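Chain by chain, the residues run as shown.
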Amino acid sequence: MGVKMKFKKLWYDSISFIKLIKADHPGIIWVIAVGGLAGAAGPFTQLFFYSRVLNKVLKGLYKECIPDVVILLTAALVLSLIKKACDQSVKVLREACADTIYLKTANKAFSMEYEEFEKTETMDAIRRVQGGENSSGGIGDQIQSIYVLIEKGFAILFSLIFVIVLFTRTKADSSNFFTSIWSTLLIIIVFLTVFFLCLKLSAISYRKFYEVEKKNEHFNSFGVYLLAIMNNYQFGKDIRIFSMQGLLEHYFKKTMKTINSVFLKWSIKDGSYTAVIVLLTQLTSGLVYVVLGGKAVYGSISIGEVFMYAGVILELTGAIRSEIIEYNSFYYRSDYLNTYYEFINRPNNRYTGTLPVEKRTDGEYEFVFENVSFHYPGSDNLILNQINLTLKVGDKYAIVGKNGAGKTTLIKLLCRLYDPTEGRILLNGIDIKYYDYQEYTKVFSVVFQDFKLLALSLEDNLTLGEEADKERIWEVLTQSGMRSAVEKMPSGLQTNLYKNNGEGVEVSGGEAQKLAISRALYKNGPFVILDEPTAALDPIAEAEIYENFNSMIQGKTAIYISHRMSSCKFCDDIIVLDGGVISERGSHNKLLKEDGIYASLYNAQAKYYA
Ligand SMILES: Nc1ncnc2c1ncn2[C@@H]1O[C@H](COP(=O)(O)OP(=O)(O)OP(=O)(O)O)[C@@H](O)[C@H]1O
């Protein structure tokens with residue numbers, strides 16, 4: 001890309017970046033502008049007044065120095081205080097902006113259809129956004145770059161004003177090289193040549209750096225994954241019993257070795273580029289000092305001005321070097337940030353419904369599956385094939401079938417975590433995709449097979465941010481058989497679960513399952529779905545759940561998925577899935593008589609109790 005195109009891109013990237021951060025933190029632009037101006041003005045104010053003081057001292061005008069010294073000290077104090085305050089504010093605001101980005105990324109992830117969210121590309125994009133934020137592609141670093149670019153931009157502007165004044169004030173005298181126009185032209189030509197050379201070298205170095213970052217992206221996220229496992233006590237049992245340490249350490253060391261070797265190669269090259277840049281800028285400064293010295297020797301500028309202009313040149317070369325570095329890092333980081341923009345602006349691919357779900361106090365919600373077929377994205381394997389099914393209000397259904405028969409998939413379609421590949425699902429006669437999704441999810445109280453509890457208080461786990469109804473909490477804890485255990489906990493309902501978030505209790509697998517059931521019951525959705533709800537329960541707790549089942553669901557429609565065939569007996573209708581179709585259907589007694597899959601599954605378990 002040519003220099004013009006690069007500057008154009010930089011301009012557009014800067015504008016869209018400023019819009020992005022300004023949207024949530026409008027004050028940041030002022031902080032950057034004021035801090036940048038104060039940071040750049042400080043050294044120039046000092047150089048200007050020091051030079052005046054020096055000239056006056058050399059002439060013995062000591063008293064006349066006093067106003068200059070007062071202005072100098074006041075300006076230095078005020079400007080450095082402003083700069084310090086802005087530096088601190090930028091530090092705080094860059095953290096706040098990074099947090100906003102984390103939240104926006106999380107909100108985008110929440111709002112995505114589950115089907116999209118679960119895809120490998122989406123997971124990779126989220127990792128890239130977060131990886132960029134954690135390493136060198138983040139918003140925080142980008143803000144810092146803008147801050148430096150603005151400050152050094154002002155510094156270059158001030159230097160140029162000084163330099164222009166120098167060359168307009170000193171009369172050209174062609175009889176002497178130092179006082180002639182040629183010395184001025186030489187400096188300008190050398191400066192421009194060195195500037196573009198350094199820009200080029202720095203661009204090569206940064207391009208290589210971001211290539212290295214991209215190369216290491218996968219290894220970085222794998223390293224983070226391994227570290228998370230090694231430091232997570234919940235993996236502790238498996239790691240110890242299966243002696244996984246060796247394997248984890250092997251992969252961690254291998255990953256780090258790969259990352260480091262790629263970085264080492266880059267840093268050797270980067271070191272050589274930096275050395276050349278430093279050498280070129282030092283030579284340029286040297287040349288300027290020689291010309292300034294010559295001008296002083298031939299009387300075209302005073303000693304104080306030599307001191308001032310030497311300082312200005314030092315500021316200018318420093319500012320140009322920083323500008324080049326920040327420009328390149330901003331430029332390449334913008335590319336990295338595009339991942340974020342792409343992710344945040346991803347359109348939702350599926351139909352977004354807007355219909356409100358009818359609020360019915362009688363719980364009259366009836367679902368109909370009409371010729372529903374489904375395969376997971378990226379696979380041709382039909383998990384469900386032409387399913388026709390009506391789920392009548394108030395009935396209790398059991399869905400059974402061998403592992404992988406598609407029982408959970410059917411529930412995922414019902415909850416609209418996926419849309420059917422063919423056919424449709426109706427709620428009270430309307431295709432579920434036309435309903436507002438947030439409202440639609442309120443219909444269900446679900447305990448998924450792989451439910452997750454949060455490392456927050458028990459109360460939070462049940463109420464999930466809603467105002468707590470204590471009476472109801474204890475009621476559902478009683479129904480799930482968890483009440484007495486909670487009563488014994490150190491802080492009752494305020495007891496934290498797990499240790500990820502400070503001190504907390506470790507609940508057993510069965511207790512966790514009872515809490516998940518309590519959470520579903522507390523939600524009080526008119527449609528209860530329990531996917532393997534008693535798999536971790538002891539026989540007494542399981543029997544209690546069955547006994548309490550009717551009072552628990554209080555006449556609601558319920559779907560029960562279980563491999564414990566005895567638990568299906570109390571359901572009105574048993575649906576057997578096999579090979580993607582409903583192969584059998586009816587009551588327990590009817591299906592036993594038919595002597596099909598259900599009978600074989602039931603008898604396989606029953607013989608151990610005979
Ligand atoms: N997210 C997914 N992407 C691709 N395939 C999937 C996904 N989830 C499940 N499957 C596949 O779909 C098939 C049905 O899975 P499902 O979880 O519905 O079975 P299930 O009847 O509930 O099994 P189990 O009794 O073991 O819980 C399985 O072969 C599984 O590998």
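A quick note: this is a predicted structure, and the numbers were derived from the prediction, not measured. (Residues numbered from 1 in each chain as written. Predicted model: local features only at pLDDT ≥ 70, side-chain atom pairs only at ≥ 80, totals over all residues.)

Another aspect to go through is the overall build of the protein. Scanning the protein from terminus to terminus reveals 19 helices and ten strands. The globule rule puts the C-alpha radius of gyration for 610 residues at 25 Å, and the 36 Å found for the protein is more than 25% above it. In terms of its C-alpha atoms, the protein occupies a principal-axis envelope of roughly 120 × 55 × 50 Å. Taking all 610 residues of the protein together, the buried fraction comes to 30%. Expressed as a percentage of contacts within the protein between residues at least 6 apart in sequence, the contacts between residues at least 24 apart total 76%. (Helix = DSSP H or I, 4+ residues; strand = E, 2+ residues; numbered from the N terminus. Rg over C-alpha atoms; globule rule 2.2 N^0.38 Å. Buried ≥ 20, exposed ≤ 12 C-beta atoms within 10 Å, placed from the backbone. Contact = placed C-beta atoms within 7 Å.)

Another aspect to go through is helix α16 (residues 509-523). With 15 residues, α16 should reach 21 Å at 1.5 Å per residue; the first-to-last C-alpha distance of 21 Å fits that figure. Burial within α16 is extensive, with eleven of its 15 residues counted as buried. Every buried residue of α16 is accounted for by Glu511, Gln513, Lys514, Leu515, Ala516, Ile517, Ser518, Arg519, Ala520, Leu521 and Tyr522. (Expected span 1.5 Å × (residues − 1).)

Around the ligand sit 13 residues, and of these Tyr376, Asn403, Lys407, Thr408 and Thr409 come closest. Residues that form the shell around the ligand fall into these classes: three nonpolar, eight polar and two charged. (Near = placed C-beta within 6 Å. Nonpolar A, V, L, I, M, F, W, Y, C, P; charged D, E, K, R; others polar.)

One ladder, built from five bridges, connects strand β1 (residues 367-374) with strand β2 (residues 384-391); its direction is antiparallel. When the sheet's bridge partners are listed, Phe374 is paired in β2 with Leu384. In this structure, β1 lies alongside strand β4 (residues 422-427), joined through five bridges in antiparallel fashion. For Ser373, the partnering residue across the bridge sits in β4 and is Glu422. (Pairing = 2+ DSSP bridges.)

What follows deals with the packing of helix α2 (residues 27-58) against helix α3 (residues 65-111). The geometry of α2 relative to α3 is characterised by a closest axis approach of 8 Å and an angle of 160 degrees between their N-to-C directions. Judged by the angle between their axes, α2 and α3 are roughly antiparallel. The two elements α2 and α3 cross, and the hand of that crossing is left-handed. Partitioning the contact of α2 with α3 into residue classes produces 20 nonpolar, seven polar and five charged. (Axes fitted to C-alpha atoms, helices over the stretch in contact; angles between N-to-C directions. Parallel < 35°, antiparallel > 145°, perpendicular 65-115°, else oblique. Left-handed = near helix turned anticlockwise from the far one by under 90°.)

As far as domains go, the protein holds domain 1 (1-170), domain 2 (172-300) and domain 3 (367-606). Computed over C-alpha atoms, the centres of domain 2 and domain 3 are 56 Å apart. (Domains from an automatic or database assignment.)

In this structure, Tyr397, Ala398, Ile399, Val400, Ile559, Tyr560 and Ile574 are the most contacted members of the largest nonpolar core, which totals 59 residues. Here this core takes six residues from α16, the largest share from any one element. In this view, Val400 contacts Met565, Cys568, Ile574, Val576, Tyr598 and Leu601; residues no more than four positions away in its chain are not counted. Grouped together as the second largest cluster of nonpolar side chains are 53 residues, Val90, Tyr147, Val148 and Leu149 included. (Core = buried A, V, L, I, M, F, W, Y, C linked by C-beta atoms within 7 Å.)

Strand order in the open sheet made by the four strands is β2-β1-β4-β5, with antiparallel pairing throughout. The open sheet terminates on both sides in strands that have one partner only, identified here as β2 and β5 (430-431). Contacting β1, β2 and β4, helix α11 (residues 407-414) crosses the sheet at an angle of about 120 degrees to β1.

We now examine the confidence of the model for the protein. Scored by pLDDT, the protein has a mean of 84; 93% of the residues are at 70 or more. Looking at the elements of the protein, mean pLDDT is at its lowest for helix α5 (residues 120-134), recorded as 70, and at its highest for β1, recorded as 94. With pTM at 0.72, the complex prediction returns an ipTM value of 0.97. (pLDDT = per-residue confidence, 0-100.)

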